[in-house]
Structure formats: structure tokens, C-alpha cells
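# Descriptive analysis of the structure
Here are the chains, one letter per residue:
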Amino acid sequence: DAKTTQPPSMDCAEGRAANLPCNHSTISGNEYVYWYRQIHSQGPQYIIHGLKNNETNEMASLIITEDRKSSTLILPHATLRDTAVYYCIVRVGNAGNMLTFGGGTRLMVKP
Amino acid sequence: DTAVSQTPKYLVTQMGNDKSIKCEQNLGHDTMYWYKQDSKKFLKIMFSYNNKELIINETVPNRFSPKSPDKAHLNLHINSLELGDSAVYFCASSHESSGVWDTEAFFGQGTRLTVV
């Protein structure tokens, strides 16, 4: 079962930063935090992942608290195409460990 | 080229039939997965498979079986289809070397199965 808690839905104005929170208070020391998103009728898409340090790529930034019990995915300039369900997942980085998805956050970007 | 491709995209069939969904990845990944997304939109892992090991989610009925003719393919066979099997099925792949998951998982576009 999923080990994360996310708000079921959020709204964001187009062009603004979208900050999606995730609680993972029972995370273990060897578990990574992954973010995926699923745009309507498509397969899930990888966004970013991290262990302890903050991470940034061309899609988003991931901020992980020092105690690693929560994280925030930041989409710096949300567009209408970012409307999707965003999943926060914790996973041990070993072979054979499968992604377990929770309910995710439905982000609606509005004009 | 599509990284992970599934066929068919839509499948409508009657209860009791046996059907297969095909999945192919051209990424050179060594691990493939099948996920089921039900009407409530929850994504649930069904299988994880590489050339060494098949890991089965214990909640998956044994009517479902993965078949891998080679590293690039993982097909899903379903026997005696039931109404509750109606869902979207996603195939995915990733690369796991030396016991470390060093790439993200890539997902196919899904197969919408409708059992009538």
C-alpha cells in the first residue's frame, strides 16, 4: 500500500507556481521520493526523484524537508497542459521493488 | 519511436473469453511491469518481471499470467474474463542494474479492456 498522503485536489492559476505537498512520515532511510503524473487518458509520466537533497530538472523542482517526512513538488510556471493527477511515491531503490501509487493530487491549472 | 507500446489500445470482449494484451519496449530495459487502473483511477501493480525473477502481487487472480518471449516483450494473458476485469491496463519498463533502480519507469499508453 502507498505510504504517502497527498491532498486530493488543488487549483493553480496559469503562469503561477504550483506547489504540491506530500507527507511520507514513515519513510525509511533507503527510500527515495518519486513524483509521477498522469495526464488524462495517458500513461503515467516520470517527473523527478530524490533521496535527501533538493533536486531540479527541466520539468520541476523537488524540495525534501531535512527530516525527510515531507516533500513538495514545484512546477515553477504552470501551464494548462500541466493539468493532471500527480503522484508522490516512496520506494526503495533496489531491483524488483515496484512503484505503488496512491490516490495522488488532481491539479487543475486554470486560465 | 514509441518507447513502450501496447496493443490493442481498446479491447471489448465477452465474459468467459481468453484474451492477451501485448507490450513491447525498445529502451533496452531489463524489467517490465503490468499495472491495472480501475474505474476509481487507482493504479495497482500486478506484476514485475525481469530475466531473473517474476514478482506477483498476491491479490492478482491466477487467471492473469505474464508471458515474456524475450527481454523486450511482456504480454499479459487473461483467462475466463470477468466483468470486474474491465479496466485500463498499463505496461511499463525500467532498467535495474546491480540492484539499483537507476532510471525512471516508462509507461505505455494503456489498453482499455471492457468485458461485457
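Residues numbered from 1 in each chain as written. Chains lettered and ligands numbered in written order. Predicted model: local features only at pLDDT ≥ 70, side-chain atom pairs only at ≥ 80, totals over all residues. Heavy atoms only, no water.

This part covers the sheet that holds strand 7 (residues 70-75) of chain A. Strand pairing in a sheet relies on backbone hydrogen bonds. The paired strands run either parallel or antiparallel. Residue and element names in this part refer to chain A. Strand order in the open sheet formed by four strands is 2-7-6-5, and the pairing between neighbours is antiparallel. The two strands at the open ends of the sheet, each matched to only one other strand, are strand 2 (18-23) and strand 5 (55-56). Sheet analysis places strand 5 next to strand 6 (residues 61-64), joined by two bridges and oriented antiparallel. Its bridge partner being in strand 6, Glu55 is matched across the sheet by Leu62. (Pairing = 2+ DSSP bridges. Helix = DSSP H or I, 4+ residues; strand = E, 2+ residues; numbered from the N terminus.)

Residue and element names in this part refer to chain A. Taken together, five strands build an open sheet; the order of strands is 1-9-8-3-4 and the sheet is mixed. Each edge of the open sheet carries a strand with a single partner, namely strand 1 (9-13) and strand 4 (45-50). Here the average twist between neighbouring strands, direction ignored, is 25°. Strand direction decides the pairing type here: strand 1 and strand 9 (residues 105-110), joined by five bridges, are parallel. Pairing of Cys12 across the sheet is with Val109, part of strand 9. (Axes fitted to C-alpha atoms, helices over the stretch in contact; angles between N-to-C directions.)

Moving on, we come to the nonpolar core. Residue and element names in this part refer to chain A. By size, the foremost hydrophobic cluster in this structure holds 21 residues, and its most contacted members are Leu20, Trp35, Leu73, Leu75, Tyr86 and Leu107. When contributions to this core are tallied by element, the ones reaching two or more residues are strand 2, strand 3 (31-38), strand 4, strand 6, strand 7, strand 8 (84-92) and strand 9. Here this core takes four residues from strand 8, the largest share from any one element. Once residues within four sequence positions are removed from consideration, Leu73 is found in contact with Ala18, Asn19, Leu20, Trp35, Ile47, Ile48, Ala60, Ser61 and Tyr86. (Core = buried A, V, L, I, M, F, W, Y, C linked by side-chain atoms within 4.5 Å. Buried < 20%, exposed > 50% of the residue type's maximum accessible area, 1.4 Å probe, protein only. Contact = heavy atoms within 4.5 Å.)

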